[in-house]
Amino acid sequence: GEEVLSSTAVLYGNEKDLGVFALAQAANDLATRGAVPVAAAVYIMLPPYAYESRLKAMIEYVERAGSAHGIQIICAKAETSPAINQAIVYVNGMGVLKKEELLRSCMGKPGQDIVLLKWIALEGTLRVMREKEEELSRRFIPAFLNPIRQMEGELFSVDELQTANKAGVSAMHQITDGGILAALWEMAESSGVGIEVDLKKMAIRQETVEICEYFHLNPYQLTSAGSVLIFAEDGEKLVEKFQKEGRQAVVLGRTTVDTARVILGGEEKRYLDRPAPDELLKMYESK
């Protein structure tokens, strides 16, 4: 009585744990659809000059993450290509669910609360840290950087999303490319609703603020796998459930009958633009 659902994630970069970020994206995406992630296939493409030890480390990282979250790595393949100068990781995640329990991000309705699970720019902060760790170590003290490293434990949100699903939410959408502003646009566009959210309620860690200021990045347009937008009839009740489990969550605003996408910031009111390129691209363009 169950069906199989698949989700893919493709990332590029220089991090040895790049596959962990891709696996988290795929697993969380399955969970936002109501599925339980059970397996994943991993494909890694490396530039010709990459050492074998790097490949071994990348596979070890992703297998360790899969084991920790009950996801079996059923296939791991790798090859080199002279056409690239950074690693590319492709993860195809697979999950199971009952047909009647399938959720889609287009299932939001007017008059619902918009809940943010966890913090904005979560994944992006970690990946900037990976790419620029040496530079950051010269700028910030270890006491500042250590909590950022610990944020990796927040990348997988499968358990929290199962809690949300049991609470009877309408739609869920993981925050990835383009950050929370892109995710808000995509959810509103697919559901055919308007939104009104408070910019000041978007939870952000101080470490993210400092790093984004240092590199001139916009945290609201920075990828955030592990963080999820949720449309629910009673957002405060859902937030209370998350907080009882020790999870960060907040109600950002409401969906509306019209199609206006309004962002409030104190007395300022502006309208949401179409999604822009993710700010993480600047890390690679500067190389």
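The structure contained in this document is the topic of the report that follows. Quick caveat: nothing in here was measured; it's all calculated off a predicted structure.

On to the overall build of the protein. Secondary structure assignment for the protein yields 10 helices and 11 strands. The C-alpha atoms of the protein give 19 Å as radius of gyration, which agrees with the globular expectation for 287 residues (19 Å, within 12%). With respect to the principal axes defined by its C-alpha atoms, the protein has extents near 55 × 50 × 35 Å. Carbon together with sulfur atoms contributes 48% to the accessible area of the protein, which is approximately 13,400 Å² in total. Distance between charge centres in the protein, computed from 32 positive and 41 negative side chains, equals 1 Å.

This paragraph deals with the pattern of salt bridges. With the rule as written, the count across this model stands at 16 salt bridges. Of the charged contacts in the structure, one is a salt bridge between Arg 130 and Glu 152, with a shortest N-O distance of 2.6 Å. Of this pair, Arg 130 sits in helix α3 (residues 122-131) while Glu 152 is found in the loop between α5 (142-150) and α6 (158-166), placing the two residues 22 residues apart along the sequence. The class for Arg 130 is partly exposed, based on a relative accessible area of 23%. Between Arg 261 and Glu 189 there is a salt bridge, and its shortest N-O distance comes to 2.8 Å. Of the two residues, Arg 261 is situated in strand β10 (residues 261-265) and Glu 189 in helix α7 (residues 179-191); the sequence distance between them amounts to 72 residues. We classify Glu 189 as partly exposed; its relative accessible area is 42%. Through salt bridges with shared partners, a single network forms among Lys 118, Glu 154, Glu 160 and Arg 247.

All right, on to the side chain of Ser 191 then. Mapped onto the elements, Ser 191 comes out in helix α7. Residue classification places Ser 191 among the buried positions, given a relative accessible area of 14%. Here the side chain of Ser 191 touches Cys 106 through a polar contact of 3.4 Å, landing on its backbone oxygen. In contact with Ser 191, not counting residues within four places along its chain, are Ser 105, Cys 106, Met 107, Gly 108 and Phe 231.

Turning our eyes to something else, we now look at unusual backbone geometry. The backbone phi angle of Ala 121 is positive, close to 60°, even though this residue is not glycine. Looking at the secondary structure, you find Ala 121 in the loop between β5 (113-117) and α3. In this structure, His 216 is a non-glycine residue whose phi angle is positive, near 60°. One can find His 216 in the loop between α8 (206-215) and β8 (228-232). For His 216, a relative accessible area of 65% gives the class exposed.

Pairing is mixed in the open sheet, where 7 strands are placed in the order β6-β8-β5-β9-β7-β10-β11. Here the strands that pair on one side only, and so sit at the sheet edges, are β6 (171-174) and β11 (268-271). Strand-to-strand, the axes of this sheet are offset by a mean angle of 25°, without reference to chain direction.

So, about the environment of Arg 127. Examined against the element boundaries, Arg 127 turns out to sit in helix α3. Overall, Arg 127 belongs to the buried group, its relative accessible area being 3%. With 78 residues separating them in the primary sequence, Arg 127 and Arg 205 have C-alpha atoms 15 Å apart. Side-chain polar atoms of Arg 127 contact the side chain of Glu 15, separated by 2.8 Å.

This part is about the sheet that holds strand β3 (residues 72-80). Read from one edge to the other, the open sheet built from 4 strands follows the order β1-β4-β2-β3, with strand pairing classed as mixed. Unpaired on one side and paired on the other, β1 (2-13) and β3 mark the two borders of the sheet. Taken over all neighbouring pairs, the strand axes of this sheet differ in orientation by 15° on average, direction set aside. The strands touched by helix α2 (residues 52-68) are β1, β2 (36-46), β3 and β4 (87-98); relative to β2, the strand with the most contacts, the crossing angle is about 170°.

What counts, and where the lines are drawn
Residues numbered from 1 in each chain as written. Predicted model: local features only at pLDDT ≥ 70, side-chain atom pairs only at ≥ 80, totals over all residues. Heavy atoms only, no water. Helix = DSSP H or I, 4+ residues; strand = E, 2+ residues; numbered from the N terminus. Rg over C-alpha atoms; globule rule 2.2 N^0.38 Å. Areas by Shrake-Rupley, 256 points an atom, 1.4 Å probe, with all protein chains shown as cover. Lys, Arg positive; Asp, Glu negative; His and termini not counted. Charge placed at Lys NZ, Arg CZ, Asp CG, Glu CD. Salt bridge = Lys/Arg side-chain N within 4 Å of Asp/Glu carboxyl O. Buried < 20%, exposed > 50% of the residue type's maximum accessible area, 1.4 Å probe, protein only. Polar contact = N/O pair within 3.5 Å; in protein donor to acceptor, adjacent residues only side chain to side chain. Contact = heavy atoms within 4.5 Å. Pairing = 2+ DSSP bridges. Axes fitted to C-alpha atoms, helices over the stretch in contact; angles between N-to-C directions.

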